[in-house]
Amino acid sequence: MEAEEGEVFDIELEQSLLEANRRLAEQNRALLDRYGVKAIDVMGSVGSGKTSLIARMVELLRDRYRIAYIAGDLTTTIDADAIARYGVPVVQINTGKECHLDANLVAKALKRLDLASTDLIFIENVGNLICPAEFPLGSHQRLVVVSITEGPYVVVKHPYIFMEADLAVINKIDLAEAMEVDVDKLEADIRTVNPSLRTVRTCCRTGEGVEEVIKALGL
Ligand code: MG
């Protein structure tokens, strides 16, 4: 069975919430543009490799750009601590029970950064392939990371996030054979959902493919 439109209890609340978020996201974008800062929203499940990908990109880009990092996480500072090791400014947002970042939380985080001394911000969203899709943050690009370990149906079961994304990264490709996942099929699934979405294959453990992600982001 499927829920009919209007049948879900909080449907009106949700509409006004999404609209408020969209307005705040536009304000975030305007603020970033005023300072010439590029922001990238990195989405994906827990364990897909979002932090590892960001760490690799920070390694490769920190001589060219003044980078900052905003970490969304329910309760821990594990990711923020991992990226802080590279000496970049870090803002931790603990969302508690919320399964995604929203534009209001990001607006607060941006106030804690010196935007005049920043060129590029990586925003790591809360590990989730569903909720973040509906909440744009004001970033210039949205990247979704999926990993081979999420199995062969990860794309077909989460189509919306691939509709919203500007780039899809398929990570942990070194495990494809062991996991019996057909990477070509995953890419075909992504093309079915969003024909214009570019995909890049990576192994963040070794750094394979990360240069290509950077190029695809225009960095
Ligand atoms: Mg992470």
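Relevant structure appears above.
1. Observations regarding the sheet that holds strand S5 (residues 141–147)
Then, number 1: Across the sheet, which stays open at both edges, the seven strands sit in the order S3-S2-S4-S1-S5-S6-S7 with parallel pairing between neighbours. With one partner strand each, in any of the chains shown, strand S3 (90–94) and strand S7 (198–201) form the two edges of the open sheet. Strand-to-strand twist in this sheet, taken as the mean axis angle between neighbours without regard to direction, amounts to 20 degrees.
Then, number 2: The sheet strands contacting helix H2 (residues 50–61) are strand S1 (38–44), strand S2 (67–73), strand S4 (120–124), S5 and strand S6 (167–171), and the helix crosses S4 at an angle near 170 degrees.
Then, number 3: Packing of helix H4 (residues 103–111) onto the sheet brings it into contact with S2, S3 and S4, and relative to S3 it is tilted by some 150 degrees.

2. Some points on H2
Then, number 1: If you check H2, its first and last C-alpha atoms are 16 Å apart, about what twelve residues at 1.5 Å a residue would give, namely 16 Å.
Then, number 2: Regarding H2, the residues found buried are Lys 50, Thr 51, Leu 53, Ile 54, Ala 55, Met 57, Val 58 and Leu 61.

3. Focus: the pattern of salt bridges
Then, number 1: Summed over all chains, the structure comprises eleven salt bridges.
Then, number 2: Taking the shortest distance from any N to any O, the salt bridge between Arg 22 and Glu 26 comes out at 2.5 Å. Here Glu 26 and Arg 22 lie together in helix H1 (residues 11–34), a separation of four residues that amounts to about one turn.
Then, number 3: Note that Asp 184 is salt-bridged to Arg 201, the shortest N-O span being 2.6 Å. Taken as a pair, Asp 184 in helix H7 (residues 183–193) and Arg 201 in strand S7 lie far apart in primary sequence, 17 residues in all.
Then, number 4: The exposure class of Asp 184 is partly exposed, given its relative accessible area of 48%.
Then, number 5: Note on Arg 201: relative accessible area 31%, which makes it partly exposed.
Then, number 6: Via salt bridges that share partners, Glu 19, Arg 22, Arg 23 and Glu 26 belong to a single interconnected network.

4. Here's the deal with the environment of Ala 116
Then, number 1: Examined against the element boundaries, Ala 116 turns out to sit in the loop between H4 and S4.
Then, number 2: Along the sequence, Ala 116 and Ala 25 sit 91 residues apart, while their C-alpha atoms lie 19 Å from each other.
Then, number 3: Once residues within four sequence positions are removed from consideration, Ala 116 is found in contact with Tyr 35 and Arg 66.

5. So, the pairing of S5
Then, number 1: Across the seven residues that make up S5, a large majority, seven, are buried.
Then, number 2: Here S5 shows no split at all, with Gln 141, Leu 143, Val 145 and Ser 147 on one side and Arg 142, Val 144 and Val 146 on the other all buried.
Then, number 3: Alignment of S1 against S5, held across five bridges, turns out to be parallel. Within S5, the position partnered with Met 43 by the bridge is Val 144.
Then, number 4: Here S5 runs beside S6; their pairing, made up of five bridges, is parallel. Paired with Val 146 across the two strands is Ile 170, which belongs to S6.
Then, number 5: For the crossover from S5 across helix H5 (residues 159–164) to S6, the handedness is right-handed.

How each quantity is defined
Residues numbered from 1 in each chain as written. Predicted model: local features only at pLDDT ≥ 70, side-chain atom pairs only at ≥ 80, totals over all residues. Heavy atoms only, no water. Pairing = 2+ DSSP bridges. Helix = DSSP H or I, 4+ residues; strand = E, 2+ residues; numbered from the N terminus. Axes fitted to C-alpha atoms, helices over the stretch in contact; angles between N-to-C directions. Contact = heavy atoms within 4.5 Å. Expected span 1.5 Å × (residues − 1). Buried < 20%, exposed > 50% of the residue type's maximum accessible area, 1.4 Å probe, protein only. Salt bridge = Lys/Arg side-chain N within 4 Å of Asp/Glu carboxyl O. Right-handed = clockwise from strand over helix to strand, strands pointing away.

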